[in-house]
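Next come the chains, spelled out residue by residue.
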Amino acid sequence: MSFLAPLFLALSTLAVPIVILYMLKLRRRETEVSSTMLWRMVLRDREANAPWQRLRRNLLLLLQLLLLALLVVALARPFIPVPVVASGQVTVLLDASASMNATDVQPSRFEAAQAVARQLANDLTQEGLMTIILVGPQPRVLASATNDKLELRNAINAAQPTIGSANWETAFALAAGANGSVANSTTVLISDGGLPEKLPALTGEVRYVPVGSQPANLGISALSLRPASGGPQLFASVTNYGDANARTILTLNLDGELFNAQQLEVPAGKTSNVIVQAYEGTVLAEAVLSPPVGAANTDHLATDDKAWAVYNPPQTGRALFISRDGNIFIEQLLAALPGLQPFRQSVDAQLPTDPFDLYVYDGVISNTLPSKELLLVNPPPNPLFTVGDVFTPTITGTITLVDDPLLSFVDFSNVHVLRAREVQTPAWARTLISVDGKPLVFVGTLDRRRIAVFTFDLRDSDLPLQIAYPILVSNLITWLTPSTVISESGETVHPGDTVTIRPEVGQQAVGIQAPDGQFFVAPASEAGVLFSDTGQLGIYGVGTASVQEGGKFAGFFAVNLFDPLESRIQPAESLTIGRAQVSPAVRGQVGQREFWPYVAAAALAILIVEWWVYHRGSSVPGASGWRGFFQRKKVGA
């Protein structure tokens, strides 16, 4: 045993004055009395006449000396060396993702991980520093480079698991910043695995402490409502992530009412799909997994046992095509797009007062632009952006496409453009396709309306003859006239994701109601409303700022887990960090485990006993056996 603060041992000299106080003789006032027969105790004190008396056996003295010794030892912070996973400067990555809610380790994997982190904090050496990072959808630092064990324990105890996916890339960036350039730094990952591939390497040593034991888990891996000939069709997938066959009951609710329930037998590692025809007019769907009566527990993670879906039927809008001489390529494509009703008008005619959902200008522009979505092809000078002269791309010019969802499956490798208008991409837009640094196609949002621009005449290119043409225009039309209230239509929204909500033109604020009824009001901006409070699973309603007062939601979106890395709860045997393979850590370093709290607790117990003995006074046992220790009576009573 050693001490972290040995100077406090000097306080043990306080035992000397305590002993002296017990040796000093008491001086009493002399008074004549008729008899001293009843004062035997007093007479014994009178027998001594020296200023000092012989030290006698005294229980109070022994208790007080013992109390002093315990307090001195506690202040000196005794410790014993113990083997630990890491020492020195330690950065702990505490996994708080959805899989850590698994209950194969009681009470949960996350609480088991907290216990490991607390042990690391308790065994931290006097010279060591520890940083704790909670790894969830949005990683954050709980404690930064501190040796204060109380602060570390409080930070660990206050941490809570999430229901989303872990953002390990951001967590690694935080850990790299915490480690800095310290040569002997150690990063400890307390997790059940489930890390993505191609994570960057970390400075210093990396240790892995696995948590969890069982892989059994049944989860809903997909749920959607998609259009079909007879109305919306519900598609659900149930995946068995365990290593044994399992049974479950899949319950489907439509718009809050029970629609279907059936038992599924899902082989180990396989997926069972369910497709049913939903009611016409269905908007919301919910799927729930529950175990059959008497079935063995084959599901240790409840987070993925529920899923939700929102039906977004194809957009049925009207598009007004404005041109001088017409353009067969554009008109035929608009007529072929499902759910879009095209109309044609000359540029010399006045715009109809009844607004359209989309306005398509081909080589012309009107004096007053409508406040709706615009598709501009070969635009002349206009108030939205500056248009220069016509330029001719060189034969060797390279057409560049950016990585954007709007260019999904678009192949421009065989497209050639004869000439185009020289346009500088405005600040409110982003370039999708360019040649020699000059934009050919760009999109953006201005005054809460979406605008897409082709800077060239389609007839001056072979684009309409390529398969990329219908794909590109279809993607742009879908982006210009979305059928959902959020921009990321068709994409799964996970907990912690930021969604872009499209307010109506002129709408100043948007109201969002979370699954638990919490209501948010967000001001609308040029680019829409960025909403990031998606930390709950379920259905979110979107409407005006006053929708909470009984209004009708304009739309919905669902937040689901749908992450195989989280649902596959089999603890990883090793991790790949950078190019290194990290195996479960062993206690190969030496830490310091303090036990002064136990010494202080013993001192408190001694203090209570000393108080009881002092107040007991001169008494004898009032009962036989062990009861006499507590039942006392005064001497002579």
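Just so you know, these numbers come straight off a predicted model, no measurement behind them. The residue numbers shown here count from 1 along each chain, following its written sequence. Local features are withheld for residues below a pLDDT of 70 in this predicted model, meaning they are given only at 70 or higher, and side-chain atom pairs are given and counted only at 80 or more; totals for whole chains, interfaces and linings count all residues. With hydrogens and water stripped out, all remaining heavy atoms of the structure feed into the side-chain values.

Asks: Would you take a moment to explain unusual backbone geometry for this structure?
Replies: What you tend to see is this: most non-glycine residues have negative phi, and most peptide bonds are trans. Here the residue pair Gln106 and Pro107 is connected by a cis peptide bond, since its omega of -5° sits within 30 degrees of zero. Helix and strand definitions follow DSSP, with helices as H or I runs of at least four residues and strands as E runs of at least two, each counted in order from the N terminus. Note that Pro107 resides in the loop between β3 (89-95) and α4 (109-122). The backbone phi angle of Asn378 is positive, close to 50°, even though this residue is not glycine. With respect to the element layout, Asn378 can be found in the loop between β18 (373-377) and β19 (387-391). Although it is not a glycine, Asp436 adopts a positive phi angle of roughly 55°. What makes Asp436 partly exposed here is its relative accessible area of 48%. Only protein chains enter the accessibility calculation, which uses a 1.4 Å probe; a residue is then buried when its area is under 20% of its type maximum, exposed when over 50%, and partly exposed in between.

Asks: Even after reading the chapter, I still don't get the packing of aromatic side chains, so can you show me in this structure?
Replies: In this description, an aromatic ring pair is defined by two values, namely the gap between the centres and the angle between the planes. Classification of ring pairs rests on two measures: the distance between centres of Phe, Tyr or Trp rings, Trp counted by its six-membered ring, which must be within 6.5 Å, and the angle between planes, read as stacked under 30 degrees, edge-to-face over 60 and tilted in between. All chains considered together, the criterion is met by ten aromatic pairs. An angle of 80° between the planes, with centres 5.9 Å apart, marks the rings of Phe454 and Phe456 as edge-to-face. The same class applies to Phe454 and to Phe456, which are both buried. Among the aromatic residues, ring-to-ring pairing joins Phe520, Phe531, Tyr540 and Phe557 into one connected group. For a ring to carry a charge above it, either NZ of a lysine or CZ of an arginine must fall within 6 Å of the ring centroid while also lying within 35 degrees of the normal to the ring plane. It is Arg318 that lies over the ring of Phe356; its NZ or CZ is 4.1 Å from the centre.

Asks: Would you mind showing me how to read helix α6 (residues 168-179) here?
Replies: Residues separated by three or four positions in an α-helix point in the same direction, a consequence of the helix having 3.6 residues per turn. The end-to-end C-alpha separation of α6 is 16 Å, in line with the 16 Å expected for twelve residues at 1.5 Å each. Those residues of α6 lying buried are Trp168, Ala171, Phe172, Ala175 and Asn179. What you see down the axis of α6 is that its buried residues fit within an arc of 100°, all on one side. Pointing more than 90 degrees away from the buried face of α6 are the exposed residues Ala173 and Gly177. Tucked into the core, α6 has its buried residues touching β3, β4 (129-135), β6 (186-191) and β31 (575-577). Phi turns positive one or two residues past the end of α6, at Gly180, with a value near 60°. An expected span of 1.5 Å times one less than the residue number is assigned to each helix. The arc refers to the directions leading from the helix axis to the C-beta atoms. Should any heavy atoms of two residues lie within 4.5 Å, those residues are counted as being in contact.

Asks: Just to check I follow, could you spell out the packing of helix α7 (residues 328-336) against helix α8 (residues 468-480) for this structure?
Replies: Between N-to-C directions, angles span 0 to 180 degrees; the directions come from axes that are lines fitted to C-alpha atoms, helices contributing only their stretch in contact. The N-to-C vectors of α7 and α8 enclose an angle of 65°; their axes lie 11 Å apart at closest approach. For the pair α7 and α8, the sense of crossing is right-handed. In contact with Phe329, Ile330, Leu333 and Leu334 of α7, α8 contributes Tyr469, Pro470, Val473 and Ile477. Classifying every residue of the contact of α7 with α8 gives eight nonpolar, no polar and no charged. By convention the crossing between two helices is left-handed if the near helix lies anticlockwise of the far one by an angle smaller than a right angle, and right-handed if it lies clockwise. Charged means Asp, Glu, Lys or Arg here, nonpolar means Ala, Val, Leu, Ile, Met, Phe, Trp, Tyr, Cys or Pro, and polar covers whatever is left, Gly included.

Asks: Would you mind going over the sheet that holds strand β26 (residues 509-513) with me for this structure?
Replies: The strands making up a sheet associate through hydrogen bonds between their backbones, and the pairing can be parallel or antiparallel. Strands qualify as paired when DSSP identifies two bridges or more between them. Reading across the sheet, the four strands line up as β27-β26-β29-β30 and stay open at both edges, with antiparallel pairing between neighbours. Of all the strands in the sheet, the pair left with one neighbour each is β27 (519-523) and β30 (555-559). Taken over all neighbouring pairs, the strand axes of this sheet differ in orientation by 25° on average, direction set aside. Across five bridges, β26 lies against β27 in antiparallel orientation. Bridged to Gly511 within β27 is Val521.

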